[in-house]
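Residue-level listing of the chains:
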Amino acid sequence: MLAWRQTRDPYAVLVSEVMLQQTQVGRVLPFYARWMLRWPTLADLGAASRSDVIREWAGLGYNRRALALHRLALEVIQRFDGVLPGDPATLRTLPGIGPYTAAAVASFAFGQRVAAADTNVARVVARCELGVAGPRAVPPATLRLTVSAMLPATGARDHNLALMDLGAMVCLARGPRCDHCPVARLCEWRRAGSPLAENAPAAVPVRFERSGRFARGRIVDALRAHSAMTEPELAELLPGPHAERLDAYLAALERDGLIERAGGAWSLPGAQPV
Ligand code: SF4
């Protein structure tokens, strides 16, 4: 069983949920294990330096999540004496916590009766209950109401986890395994003959190496390895058109608090000797 499924520790659940945002389970597993060894409590994380937190996140992507977790730890220590709140509305006031993550922590750690609908759950509910190919085929409000209406009076945590697993392992986005599905007899989409969305425009993939995220990640990776670097040194790391946009990338990273400038060079926050 996944490590974060075996605990009700709100901090551990929160760390796993933030890592799982936009990242697959298999990739998160070693990062989660290392993180929890290094900073087993929210207080430990709050005492860490920002540059150490950014370094520990190396390889997981979307570095802003690391800083948001760190800011969250400091804010919980200041506002709530280090105790994570259990209700989704308060959780949503904390850095990096959106509606899904708030609901997931409230449900998985605190056992609250709230629907935690990630993309897997949304797909299962769209198909099984609403009879459409996927969540984009129905208004978000309809989906939200349907997911909430399905919550049982007791055992909401297990219900959420079961729907999540069904979406991750059986009701796959491409090639649902309906013959092995425990709710196949109840599924409206299957009953309707599994109609596909009409004329859905094919998404045009953007090559990762051409994206700004790639360039910003490269800059942060370089600063993980070097205490400080000048702009010409950083520009050399970036292929062609990215080097011309170096100023914009540095400004965005500085705005996010991921890097800082001192004495004509850039570094991770607090990483340069003063
Ligand atoms: Fe998904 Fe098929 Fe199960 Fe319906 S029967 S919920 S489409 S796997």
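Criteria and thresholds
Residues numbered from 1 in each chain as written. Predicted model: local features only at pLDDT ≥ 70, side-chain atom pairs only at ≥ 80, totals over all residues. Heavy atoms only, no water. Helix = DSSP H or I, 4+ residues; strand = E, 2+ residues; numbered from the N terminus. Buried < 20%, exposed > 50% of the residue type's maximum accessible area, 1.4 Å probe, protein only. Contact = heavy atoms within 4.5 Å. Areas by Shrake-Rupley, 256 points an atom, 1.4 Å probe, with all protein chains shown as cover. Lys, Arg positive; Asp, Glu negative; His and termini not counted. Charge placed at Lys NZ, Arg CZ, Asp CG, Glu CD. pLDDT = per-residue confidence, 0-100. Core = buried A, V, L, I, M, F, W, Y, C linked by side-chain atoms within 4.5 Å.

## Structural notes on the overall build of the protein chain
What the protein chain contains, in helices and strands, is 15 helices and 2 strands. Counting only residues that meet the buried cut, the protein chain has 43% of its 274 residues in that class. Excluding contacts between residues fewer than 6 apart, the proportion of contacts in the protein chain whose partners are at least 24 apart in sequence is 57%. Counting only carbon and sulfur atoms, one obtains 55% of the accessible surface of the protein chain, whose full area is about 14,800 Å². Here the protein chain contributes 32 positive and 25 negative side-chain charges, whose respective centroids are spaced 6 Å apart.

## Points about the confidence of the model for the protein chain
Confidence in the prediction of the protein chain, expressed as mean pLDDT, is 92, and 95% of residues score 70 or more. Within the protein chain, no element has a lower average pLDDT than helix 14 (residues 240–244), which sits at 87, and none a higher one than helix 3 (residues 42–47), at 98.

## Overview of the nonpolar core
One finds Met-19 and Trp-35 to be the most contacted residues of the largest nonpolar core, which totals 55 residues. Secondary-structure elements contributing two or more residues to this core are helix 1 (10–20), helix 2 (25–38), helix 3, helix 5 (64–80), helix 7 (99–108), helix 8 (119–128), helix 9 (140–149) and helix 10 (156–169). Considering every element that reaches this core, the biggest residue donor is helix 1, with 7 residues. Residues contacting Met-19, with those up to four places away along its chain left out, are Val-28, Phe-31, Tyr-32, Trp-35, Trp-57, Leu-60 and Arg-65. Leu-67, Leu-223, Leu-250 and Ile-259 belong to the second largest nonpolar core, which has 18 residues in total.

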